[in-house]
Amino acid sequence: MTLGIIENLINELMRLPGIGRKTAQRLTFFILTMPDEEARSVARAIDEVKEKARFCSQCFNITDAEVCDICRDERRDRKRICVVEEPSNILVIERAKFYRGLYHVLLGAISPIDGITPEKLKIDELVQRVQANGVEEVILATNPNTKGEVTAQYIRERLNAFPVQVTRIAYGLPMGSDIEFADEVTLGKALEGRRRM
Amino acid sequence: MLHRTEAIILKTMPFSEADLIVSALTLEYGLVKTFAKSSRKTKSRFGSSLEPLTYVRTSFWGKEDAALPRLTQADIIRPFQKIRDRMACFFRVMEIVELTLGFLIEREVQRDVFHLLLSILMKIEDEGPANDRDVLNTLLYKIRFLDAVGYGPRLEGCARCGGSGYNFYIAQGSILCGACAKGMDSPVRLSPGMIKSYGTLRSWEVSKSARIRLSRTLLAELSDMLDAHIRYTIAKPLKTKAFQPS
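All residue numbers refer to positions counted from 1 along the written sequence of the respective chain. Labels are handed out in written order, letters beginning with A for the chains and numbers beginning with 1 for the ligands. Under the rules for a predicted model, residues below a pLDDT of 70 receive no local features and side-chain atom pairs below 80 are neither given nor counted, while totals for whole chains, interfaces and linings still include all residues. With hydrogens and water set aside, each side-chain value is computed from the structure's full complement of heavy atoms.

Novice: Hey, could you go over the interface of chain B and chain A for me, with residue numbers and the actual values?
Specialist: Residues are treated as being in contact if the distance between any of their heavy atoms lies within 4.5 Å. Across the boundary between the two partners, chain B contributes 25 residues, which contact 24 residues of chain A. The term buried area denotes the loss of accessible surface (1.4 Å probe radius) that occurs when two parts are joined, taken as the sum for both partners. Buried surface at the junction of chain B and chain A, summed over both partners, amounts to about 2,000 Å²; 66% is from carbon and sulfur atoms. Among the residues of chain B in contact with chain A, B:Lys43, B:Met87 and B:Phe243 are the three that bury the most area, contributing 27% of the side total. In the sections that follow, a salt bridge refers to a side-chain nitrogen of Lys or Arg positioned within 4 Å of a carboxyl oxygen of Asp or Glu. In this structure, the connection of chain B to chain A is made through two salt bridges. Residue B:Lys11 is joined to A:Asp114 by a salt bridge in which the shortest nitrogen-to-oxygen separation is 3.6 Å. Polar contact criterion, stated in full: a pair of N or O atoms within 3.5 Å, where within protein one must be able to donate a hydrogen and the other to accept it, and residues adjacent in sequence count only if both atoms are side-chain atoms. Put simply, chain B and chain A have five residue pairs in polar contact (both at pLDDT 80 or more) between them. Comment: elements are numbered from the N terminus, with helices defined as DSSP H or I runs of at least four residues and strands as E runs of at least two. Elements with a minimum of two residues in the side of chain B that touches chain A: strand E1 (2-15), helix H1 (81-85) and helix H2 (87-103) of chain B.

Here's what the structure looks like:
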């Protein structure tokens, strides 16, 4: 019976991305050796996040309130909106400590082959935000791949009717890499987007 | 075993944290799905070589019957970036990609289809931005592709008796004359011009198709007939159809 409980936890942990059987076993036996309160705290945190997590009513970031911390923060530049595909992208941009504006999460990207049309994303909500809030710049930070690019092109067309500057994050070579190993498309885009020094 | 072949990337699907499952039409092995480890990372050695439509020289490693061999290399031969840069054109091309994925069986060698897709992509990119040419080139692909996989509609006279007729029966995938069609559902009436255009698109060499000029009415009629035929054959509409102007 005890083995059944352990097997059950292993199977449940295996549902998580990147966790195979061996890792799940290791985590299970680590949990068994953890102090009771710490193990319960992990369980409570999972429970709480599932119960309280919701999308921000303005930017569709994940939050536990009606409006997320970023949208509530009065010190942020409210004239700029950075458009991203997923809430996890916000964490990465925030970590760079370079951007102090607001965000808008699309919750995906346009993908014809998967049947993901613009109507299935939060694009209409972005247009409404731009229209209503006197936004001066929309930064399109969708992924630099075909889906992200098509999504950016579509949003740019939708926003053409409004007096707002639409910009796209730069393409180019990743820092620390060697130009010798860059492929022609990346290098072409980097040259196309070159800037005066 | 290491396999080397030329391929056209058709579709990628995120897998795990930073990997991709890549569906590609290869010259030597037909439609193949491979696993590209860490390909979504910024410094991935694959770079942009796994973007849809890219024509690449690939290597993948796996046993003959491996369900998901590992992609080890993809060097760009032609990126077809100009197609991806034009949104409307890209949507049209994705329709033929979905068609290809829908009909082909994995690991069944289809050299004709590979050369056809490659030549159509080259034509679309070389002919530059012109919506009517994009429509014609994608139609050309659909007609030739359906013929190659054995699902092409039959429009050269009644499919049963060989007599003349202009009524196309979707469930039969062919034209039937009045006598042979007794008791069948209502057909789609095709114009003689459309049937002639269909024959031209089927028989002309792809390299010479730049000379073909069709009116918008004929293009629309051909598109509608082919879409109805495809929808019936695969028993569902293509997802990419939602991206075409109605």
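Novice: Let's hear about the sheet that holds strand E7 (residues 174-175) of chain B: which residues, and what values?
Specialist: All names here are of chain B. With antiparallel pairing, the three strands of this open sheet are ordered in space as E7-E6-E8. Both edges of this open sheet fall to E7 and strand E8 (188-189), since each of them pairs with a single strand only. Criterion used throughout: strands pair if DSSP finds at least two bridges between them. Here two bridges tie strand E6 (residues 167-169) to E7, and the two strands are oriented antiparallel to one another. Counterpart to Tyr-169 in the pairing with E7 is Ser-174.

Novice: Just give me the short version of the sheet that holds strand E6 (residues 165-168) of chain A, but keep the residues and values in it.
Specialist: All names here are of chain A. Spatial strand order, E4-E3-E5-E6: four strands in an open sheet with parallel pairing. Looking along the sheet, the strands with just one partner apiece sit at the ends: strand E4 (101-105) and E6. The mean angle between the axes of side-by-side strands here comes to 25 degrees, regardless of whether they run parallel or antiparallel. Bridge count for strand E5 (residues 137-140) against E6 is four bridges, and the pairing is parallel. What sits directly across from Ile-139, in E6, is Thr-167. Lying over the sheet, helix H5 (residues 87-95) contacts strand E3 (77-84) and E4, oriented at roughly 155 degrees with respect to E4. The strands that helix H6 (residues 123-133) touches are E3, E4 and E5; relative to E4, the one it contacts most, it runs at about 150 degrees. Helix axes are fitted only over the stretch in contact, all axes being lines through C-alpha atoms; the angle between N-to-C directions runs from 0 to 180 degrees.

Novice: So what's going on with the packing of aromatic side chains? Which residues, and what values?
Specialist: When the centres of two rings from Phe, Tyr and Trp lie within 6.5 Å, Trp using its six-membered ring, the rings pair. Their planes under 30 degrees apart give stacked, over 60 give edge-to-face, and anything left gives tilted. With the rule as written, the count across this model stands at nine aromatic pairs over all chains. Over the ring of A:Tyr171 we find A:Lys189, and its NZ or CZ is 5.0 Å from the ring centre. In our convention, an over-ring charge means Lys NZ or Arg CZ found within 6 Å of a ring centre and within 35 degrees of that ring's normal.

Novice: Could you give an account of the nonpolar core, with specific residues and numbers?
Specialist: Grouped together as the largest cluster of nonpolar side chains are 75 residues, with contacts concentrated most on B:Leu53, B:Phe145, B:Leu155, B:Leu222 and B:Met225. When residues in this core are grouped by element, the largest group, 10 residues, is from H2(B). Not counting the four nearest positions on each side in its chain, B:Phe145 is found in contact with B:Leu99, B:Thr100, B:Phe103, B:Leu104, B:Val113 and B:Leu116. We define the nonpolar core as a collection of buried residues of types Ala, Val, Leu, Ile, Met, Phe, Trp, Tyr and Cys that are connected through side-chain atoms lying within 4.5 Å of one another. The buried label applies to any residue whose accessible area, calculated with a 1.4 Å probe on protein chains only, is under 20% of its type's maximum; exposed applies above 50%, and partly exposed to all values in between. With 16 residues, the next largest nonpolar core counts A:Val67, A:Cys71, A:Cys82 and A:Ile139 among its residues.

Novice: Requested: an account of the confidence of the model for chain B, with residues and values cited.
Specialist: For chain B, per-residue confidence averages 91 on the pLDDT scale, and residues scoring 70 or more make up 99% of the total. Taken together, the chains of this predicted complex give a pTM of 0.86 and an interface ipTM of 0.86. By definition, pLDDT measures how confident the predictor is in each residue, and it falls between 0 and 100.

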